[in-house]
Amino acid sequence: MSAGGAPVPPPANPAVSFPAPRVTLPVGPDILRTYSGAFVCLEIVLGALVWILVASSNVPLPLLQGWVMFVSVTAFICSLLFLGVFLSGVVTQINANWNFLDLAYHFTVFVFYFGAFLLEVAATSLHDLRCNRTMAVQPLLNDNQYNINVAATKMPRSEMYQRDNQQKKGGDNSRMIFAFVTTACYGCSLGLALRRWRP
């Protein structure tokens with residue numbers, strides 16, 4: 001009842017209504033035809049390669065490699081969820097500013113992946129560092145650990161160059177390369193999200 005004693009009329013439609021979600025990306029399979037959808041697919045594939053390469057390596061520096069593994073697996077799962085939400089069309093059912101969520105997600109993952117890439121570079125640069133484990137000074141990483149740990153930095157050299165031990169040190173830096181390319185993909189997605197988010 002109102003203050004004057006007259007009853008308040010019920011709303012015309014008792015169903016709760018929400019404003020439409022704010023999203024400029026297409027929904028469903030059409031998202032795969034956009035640059036953003038293509039970058040998210042690349043993020044998923046390259047991110048999976050990074051964490052597979054990290055997981056397959058001998059981990060002499062667990063603190064560095066553990067963070068790289070955490071970032072790559074978490075980003076892989078979140079990117080799958082992000083793509084799944086757009087492919088399934090759930091974005092039209094949830095009232096949110098999807099353009100801002102896209103920007104915030106890609107900014108966060110870009111910062112974390114950039115840090116993981118720097119740690120991967122640091123793990124690679126420790127190849128020639130010497131430590132005193134016993135009476136003899138030994139390298140922190142042997143050549144095999146070095147080649148595996150830098151799998152994401154450089155593409156593998158041909159077998160002709162790997163015959164010589166000095167040239168083998170340059171080895172297979174693919175993990176650093178994949179980490180860098182994945183970081184670049186997240187950076188491109190961040191740029192596209194910033195463009196969509198700006199009015």
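For the structure itself, look to the data block above.
Now for a quick tour of the structure. In this text, all values refer to a predicted model and were calculated from it rather than measured experimentally.

Quick look at the packing of helix 1 (residues 35-55) against helix 3 (residues 98-125)
One can describe the packing of helix 1 onto helix 3 by two numbers: an axis separation of 14 Å at closest approach and a directional angle of 30°. When you trace helix 1 past helix 3, the crossing you get is left-handed. Listed contacts from helix 3 to V40, E43, G47, V50 and V54 of helix 1 are H106, Y113 and E120.

Topic: a nonpolar patch on the surface
Residues W67, F70, F107, V111 and F112 make up a contiguous nonpolar surface patch of roughly 480 Å² in combined accessible area. Of all the elements in the fold, those that place two or more residues in the nonpolar patch are helix 2 (62-88) and helix 3. It is helix 3 that provides the largest number of residues to the nonpolar patch, a total of three residues. Within the secondary structure, W67 sits in helix 2.

A look at the side chain of T183
Here T183 lies in helix 7 (residues 174-197). You can call T183 buried: its relative accessible area is 4%. Ignoring any residue separated from it by four or fewer positions in sequence, one finds T183 in contact with F110, Y113, F114 and F117.

Looking at the packing of aromatic side chains
All chains considered together, the criterion is met by ten aromatic pairs. Plain terms: the ring middles of F110 and F114 are 6.3 Å apart, the flat faces sit at 25° to each other, and that makes the pair stacked. You can see F110 and its partner F114 sitting in helix 3, four residues apart, about one turn around the helix. For F114, a relative accessible area of 39% corresponds to the partly exposed category. Measuring from ring centre to ring centre gives 5.4 Å for Y113 and Y186, while their planes differ by 25°; the resulting arrangement is stacked. Here the residue Y113 occupies a position in helix 3, and Y186 occupies one in helix 7, the gap between them amounting to 73 residues. Assessed through its relative accessible area of 1%, Y113 is described here as buried. Owing to a relative accessible area of 0%, Y186 belongs among the buried residues under this scheme.

Some thoughts on the pattern of salt bridges
A full pass over the atoms with the stated rule returns two salt bridges. R196 is the salt-bridge partner of D102, the closest N and O atoms lying 2.1 Å from each other. Of this pair, D102 sits in helix 3 while R196 sits in helix 7, placing them 94 residues apart in sequence. By relative accessible area, which is 2% here, D102 ends up buried.

Things to note about the packing of helix 3 against helix 7
In the contact formed by helix 3 and helix 7, the axes pass within 8 Å of each other and the chain directions differ by 160°. Comparing their axes, helix 7 and helix 3 come out roughly antiparallel. In the crossing of helix 3 with helix 7, the sense of the turn from one axis to the other is left-handed.

With respect to the state of the cysteines
Enumeration according to the criterion identifies zero disulfides in this entry. With no disulfide partner, C188 has as its closest neighbouring cysteine sulfur the one in C185, 6.4 Å distant. On the accessibility criterion, C188 (36% relative accessible area) is partly exposed.

Describing the environment of C78
Mapped onto the elements of the fold, C78 is located in helix 2. Exposure remark for C78: the relative accessible area of 31% places this residue in the partly exposed category. A sequence separation of 27 residues divides C78 from Y105, and the C-alpha atoms of the two residues are 8.9 Å apart.

A look at the nonpolar core
By size, the foremost hydrophobic cluster in this structure holds 30 residues, and its most contacted members are V50, F86, V109, Y113 and Y186. Listed by contribution, the elements that provide at least two residues to this core are helix 1, helix 2, helix 3 and helix 7. The element that contributes the greatest number of residues to this core is helix 1, accounting for eight residues. Ignoring sequence-local partners within four residues, the contact set of V50 consists of V68, S72, Y113, R175, F178, A179 and T182.

Cut-offs and rules
Residues numbered from 1 in each chain as written. Predicted model: local features only at pLDDT ≥ 70, side-chain atom pairs only at ≥ 80, totals over all residues. Heavy atoms only, no water. Axes fitted to C-alpha atoms, helices over the stretch in contact; angles between N-to-C directions. Helix = DSSP H or I, 4+ residues; strand = E, 2+ residues; numbered from the N terminus. Left-handed = near helix turned anticlockwise from the far one by under 90°. Contact = heavy atoms within 4.5 Å. Patch = residues over 30% accessible without salt bridge, like charges linked within 9 Å, V, L, I, M, F, W, Y side chains within 5 Å. Areas by Shrake-Rupley, 256 points an atom, 1.4 Å probe, with all protein chains shown as cover. Salt bridge = Lys/Arg side-chain N within 4 Å of Asp/Glu carboxyl O. Buried < 20%, exposed > 50% of the residue type's maximum accessible area, 1.4 Å probe, protein only. Phe/Tyr/Trp six-rings, centres within 6.5 Å; stacked < 30°, edge-to-face > 60°. Parallel < 35°, antiparallel > 145°, perpendicular 65-115°, else oblique. Disulfide = S-S within 2.5 Å. Core = buried A, V, L, I, M, F, W, Y, C linked by side-chain atoms within 4.5 Å.

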